[in-house]
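Okay, here's what each chain looks like letter by letter:
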Number of protein chains: 2
Amino acid sequence: MKKKLTLKQIARELDVSVSTVSKALRDSAEISEDTRQKIKAFAKLYNYKPNNIALSLKNRKTKTIGVIIPEIVHHFFTTVISGIEQVANERGYHVIICMSNNSFDKEVINMELLANGSTDGFIISVAKETQQKQDYHHLNEVVNQGMPLVMFDRVIDEINCDKVIIDDTIGAKKAVQKLIDLGSKNIGIITTVDYVSVGKLRTEGYYKALRENNIEVNEDLILRVEDFDRSEEEIKAFLSQRKVDGLFAVNEHFAIYAIKAVQEQGLKVPEDVSVIGFTDGELSKQFMPSLTTVSQHGAEMGAQAARLLIRKLENTEMEEGPHQTIIIETGLVERNSTKH
Amino acid sequence: MKKKLTLKQIARELDVSVSTVSKALRDSAEISEDTRQKIKAFAKLYNYKPNNIALSLKNRKTKTIGVIIPEIVHHFFTTVISGIEQVANERGYHVIICMSNNSFDKEVINMELLANGSTDGFIISVAKETQQKQDYHHLNEVVNQGMPLVMFDRVIDEINCDKVIIDDTIGAKKAVQKLIDLGSKNIGIITTVDYVSVGKLRTEGYYKALRENNIEVNEDLILRVEDFDRSEEEIKAFLSQRKVDGLFAVNEHFAIYAIKAVQEQGLKVPEDVSVIGFTDGELSKQFMPSLTTVSQHGAEMGAQAARLLIRKLENTEMEEGPHQTIIIETGLVERNSTKH
């Protein structure tokens, strides 16, 4: 039996990136003629067949939805999946989940794997690395061949497909407005580096709220966490040198670390510092003080994504129609980390 | 194009259970001759093909591992998956995840789906309902046809396959021994109903620790939570009528609810009541007081399961060999919910 090669193996053998192999096999002009020929010859020699989306479309009947998420040890993504599962099951669809682990290569490989006849369509939230690289050829490929694709949360504006997002900017603005209404004068934000789209949008909400209230933005009160594994230390160091009375954190963990850092300084939450987070996980609910937070409605997001995808799958006339973007409204869940 | 029927659709059409259809198509003697013929005729009429494990074995080359877990909004299972992913990726395997949602039917359907040529082998933790029903025909089917299967955490003794478990009983015993060593006299346990195998094993550990220390078991101090969605209320009601100075909870949530219930009574953790949980999730780490807990080493469990499966996949001679059960040792992580 001849061994079947994978994209990754070809890339390793020829010492090029997975993306280069993937593009070369699709005759992308981005790859030099020379490299393209070399890769195609190698793939042919080893009988490599790129994913045959057209074929699987013709026989579209797997009744299976492929879901690709960036990480799994993450409450938000698991709640989105539970929402997808519920709608899919009601409608007689199976759900298969793959993880990109925030790696561009893994995302490309997973899409290749699932497009290969196992699924009728995709629901995807892209990897951080894909956002950084801005290499979307694998997503364009799927769309161009007419395979239904729905993006959620971390979406790419340039891709023509249905999308489900939350109003990250408005949600963040609401949170910061709440801090202002509570009387906070020095409001800090703990956010991520800007290439993570949701972090960027939430930071915009912070700017907007301040501007609309004629509060000057003090860049010194903005922490952009670079290394997630060291976020607790970064937050502690940041807060030890700033005097704030309000804090908005773009996720639940940053918010909890912020509360702990504030308390270690002998200050009280919410009496001295009000803290608002983003995402409504178990930690927000159970922590004491429980966390006031912008709720993302993950399950609702998943349910809407599944509905959009199944509609496209079951109504072939719609395939060419205009794409929708559904914006799920965020809510502010008031708990005990802000004054009442 | 003729529509492809699924197991579930056949079951619905003929008004029988998914399990009955699945067994009838495999000529199980458990199903009456009459029903078997009816189901087989119907399946034939609609061109239904049961999963062709033998076929996929012959061409075993998907380099894909199918993982079936009971729930996804659950820290432990997501850490197991991260461990599976890591080893699988290092070895050039893809991972596809399906969720049974603790439903027996969904578990059967998912195995059918993935066995159908998409995967080389399975890693599975069975659904609560499967444990209740004690219907293991789908697992036996896979094993009998020689498709490698590794069970983890919620395993079934009767199935001959590799297994990865933790020493639930020993882990629980360690926790209760710790409470005894700390001087607790009235030690309660918050556990699950007995058909959930890990809950049962952990409860055994509680009994053992008490017996070995010549402490009489007081059944009145044992709460078996029946309805997970109402566990917080059940725990509060239970503790309001008992006087305990030590508590062992078989999971992290029960432990957190117990701490809150104790505090609401005006008592202090750990001064008045020491509390130990099981599982080492984010909640245990971040909660205040942080939770002393029996760590399950989910990622290690996943890594071992992946290693066992890949070994079977790559060494055909081993296929018939004896099966292994790897027991991952638990550790007691001491934090602030027990006295120091």
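Quantities reported herein were computed from a predicted structural model and do not represent experimental measurements.

When helices and strands are counted, chain A shows 14 helices and 12 strands. For 340 residues, the compact-globule estimate of 2.2 N^0.38 gives 20 Å, and the C-alpha radius of gyration of chain A, at 23 Å, lies within 12% of that figure. Among the 340 residues that make up chain A, the fraction classed as buried is 59%. Of all intrachain contacts in chain A linking residues separated by at least 6 positions in sequence, the fraction that spans at least 24 positions is 72%. A gap of 4 Å separates the mean positions of the 43 positive and 49 negative side-chain charges of chain A.

This part is about the packing of helix H11 (residues 231-240) of chain B against helix H12 (residues 252-264) of chain B. Residue and element names in this part refer to chain B. The N-to-C vectors of H11 and H12 enclose an angle of 45°; their axes lie 9 Å apart at closest approach. Relative to H12, the element H11 lies oblique. As for the relative orientation of H11 and H12, their crossing is right-handed in sense. Across the interface between the two elements, Ser231, Glu232, Ile235, Lys236 and Leu239 of H11 pack against Phe254, Tyr257, Ala258, Lys260, Ala261, Val262 and Glu264 of H12. Taken together, the residues of the contact of H11 with H12 sort by class into 7 nonpolar, 1 polar and 4 charged.

It is worth spelling out the sheet that holds strand E10 (residues 292-295) of chain B at this point. Residues and elements named next belong to chain B. A sheet is described by the order of its strands in space; here 6 strands give the open sequence E7-E6-E8-E9-E10-E12, paired in mixed fashion. Each edge of the sheet is formed by a strand with only one pairing partner; in this case those strands are strand E7 (222-225) and strand E12 (331-333). Across the sheet, the mean angle separating the axes of adjacent strands is 20° when strand polarity is ignored. Both strand E9 (residues 274-278) and E10 contribute to a ladder of 3 bridges, which runs parallel. Across the sheet, residue Gly277 finds its bridge partner in E10, namely Thr293. Each of strand E6 (187-192), strand E8 (246-249), E9, E10 and E12 touches helix H9 (residues 168-181); the most contacted strand, E9, lies at about 170° to it. Packed onto the sheet, H11 meets E6, E7 and E8 and runs at close to 165° relative to E7.

The next subject is helix H6 (residues 104-115) of chain B. Residue and element names in this part refer to chain B. For H6, spanning 12 residues, the distance from its first C-alpha to its last is 16 Å, which sits close to the expected 16 Å at 1.5 Å a residue. The buried fraction of H6 amounts to 11 of the 12 residues, a majority that puts the element mostly inside the structure. Taken as a whole, H6 has its buried residues at Phe104, Lys106, Glu107, Val108, Ile109, Asn110, Met111, Glu112, Leu113, Leu114 and Ala115. One side-chain oxygen at the N-terminal end of H6 lies 3.3 Å from the backbone nitrogen of Asp105; it belongs to Ser103. Following H6 by one or two positions, Gly117 adopts a phi angle in the positive range, close to 95°.

Turning next to the sheet that holds strand E9 (residues 274-278) of chain A. Think of a sheet as strands paired side by side through backbone hydrogen bonds, with each pair either parallel or antiparallel. Residue and element names in this part refer to chain A. One open sheet holds the 6 strands; their spatial order is E7-E6-E8-E9-E10-E12, and the pairing between them is mixed. For this open sheet the edge positions go to strand E7 (222-225) and strand E12 (331-333), each flanked by a neighbour on one side alone. Between one strand axis and the next, the sheet turns through 20° on average, direction left out of account. Bridging between strand E6 (residues 187-192) and E7 involves 4 bridges; their strand directions are parallel. In the strand pairing of E7, Thr191 is matched with Arg224. Contacts between helix H9 (residues 168-181) and the sheet are confined to E6, strand E8 (246-249), E9, strand E10 (292-295) and E12, with E9 contributing the most and set at about 170° to the helix.

The full count for this structure, using the stated rule, is 10 aromatic pairs over all chains. Three or more aromatic residues joined by ring pairs make a cluster, and in this case those are A:Phe76, A:Phe77 and A:Phe152. Above the face of the B:Tyr93 ring, B:Lys63 is positioned so that its terminal group lies 4.3 Å from the ring centre. Note that B:Arg202 overlies the ring of B:Phe278, its terminal NZ or CZ placed 3.7 Å from the centroid.

This paragraph deals with the side chain of A:Ser118. Examined against the element boundaries, A:Ser118 turns out to sit in the loop between helix H6 (104-115) and strand E3 (121-124). Classification of A:Ser118 as buried rests on a relative accessible area of 16%. Beyond its immediate chain neighbours, meaning those up to four positions away, A:Ser118 contacts A:Thr62, A:Thr64, A:Leu113 and B:Ser118.

Mapping chain A onto chain B is achieved by rotating through 180° and translating by 0.0 Å along the same axis, at an RMSD of 0.1 Å. One copy is carried onto the other by what is essentially a two-fold rotation axis. For chain A, the residue whose C-alpha comes nearest the rotation axis is A:Ile97, separated from it by 2.4 Å. When the interface residues of chain A are mapped onto chain B, 100% of them again fall at the interface, so both copies present the same face.

Counting 142 residues, the largest nonpolar core has A:Ile123, A:Phe248, B:Ile123 and B:Phe248 as its most contacted members. Residues within four places of B:Phe248 in sequence aside, it is in contact with B:Ala172, B:Ala175, B:Val176, B:Leu179, B:Gly188, B:Ile189, B:Ile190, B:Arg202, B:Ile276, B:Gly277, B:Phe278 and B:Val294. Core analysis: the second largest hydrophobic core is formed by 41 residues, A:Met111, A:Leu114, A:Val126 and A:Ile156 among them.

As a further point, take the domain arrangement of chain A. Residues and elements named next belong to chain A. If you check the domain split of chain A, you get domain 1 (7-50), domain 2 (55-165 + 298-328) and domain 3 (168-296). The centre of domain 1, based on its C-alpha atoms, is set 25 Å off from the matching centre of domain 2. Facing 10 residues of domain 1, the contacting portion of domain 2 comprises 8 residues. Summing both sides of the interface, domain 1 and domain 2 together bury roughly 800 Å²; the carbon and sulfur share of this comes to 54%. It is Val18, Ser19 and Arg26 in domain 1 that bury the most area against domain 2; as a group they hold 49% of the surface buried on that side. At the junction of domain 1 and domain 2, the tally comes to 1 salt bridge. Notably, a salt bridge pairs Lys23 with Asp135, separated by 3.2 Å at the nearest N-O pair. Inspection of the region where domain 1 meets domain 2 yields 3 residue pairs in polar contact (both at pLDDT 80 or more). The set of elements that each furnish at least two residues to the side of domain 1 that touches domain 2 consists of helix H1 (7-14) and helix H2 (18-25). Counting residues per element, the side of domain 1 that touches domain 2 draws most heavily on H2, at 4 residues.

Residue and element names in this part refer to chain A. Taken together, the side chains of Glu226, Asp227, Asp229, Glu232 and Glu233 make up a negatively charged region of the molecular surface. With respect to the secondary-structure elements, Glu233 resides in helix H11 (residues 231-240). Residue Glu233 is classed as partly exposed on the basis of its relative accessible area, which comes to 40%.

Rules used in this analysis
- Residues numbered from 1 in each chain as written.
- Chains lettered and ligands numbered in written order.
- Predicted model: local features only at pLDDT ≥ 70, side-chain atom pairs only at ≥ 80, totals over all residues.
- Heavy atoms only, no water.
- Helix = DSSP H or I, 4+ residues; strand = E, 2+ residues; numbered from the N terminus.
- Rg over C-alpha atoms; globule rule 2.2 N^0.38 Å.
- Buried < 20%, exposed > 50% of the residue type's maximum accessible area, 1.4 Å probe, protein only.
- Contact = heavy atoms within 4.5 Å.
- Lys, Arg positive; Asp, Glu negative; His and termini not counted.
- Charge placed at Lys NZ, Arg CZ, Asp CG, Glu CD.
- Axes fitted to C-alpha atoms, helices over the stretch in contact; angles between N-to-C directions.
- Parallel < 35°, antiparallel > 145°, perpendicular 65-115°, else oblique.
- Left-handed = near helix turned anticlockwise from the far one by under 90°.
- Nonpolar A, V, L, I, M, F, W, Y, C, P; charged D, E, K, R; others polar.
- Pairing = 2+ DSSP bridges.
- Expected span 1.5 Å × (residues − 1).
- Polar contact = N/O pair within 3.5 Å; in protein donor to acceptor, adjacent residues only side chain to side chain.
- Phe/Tyr/Trp six-rings, centres within 6.5 Å; stacked < 30°, edge-to-face > 60°.
- Lys NZ or Arg CZ within 6 Å of the ring centre and 35° of its normal.
- Least-squares fit on C-alpha atoms with pLDDT ≥ 70 in both.
- Core = buried A, V, L, I, M, F, W, Y, C linked by side-chain atoms within 4.5 Å.
- Domains from an automatic or database assignment.
- Buried area = accessible area lost by both parts, 1.4 Å probe.
- Salt bridge = Lys/Arg side-chain N within 4 Å of Asp/Glu carboxyl O.
- Patch = residues over 30% accessible without salt bridge, like charges linked within 9 Å, V, L, I, M, F, W, Y side chains within 5 Å.
- Areas by Shrake-Rupley, 256 points an atom, 1.4 Å probe, with all protein chains shown as cover.

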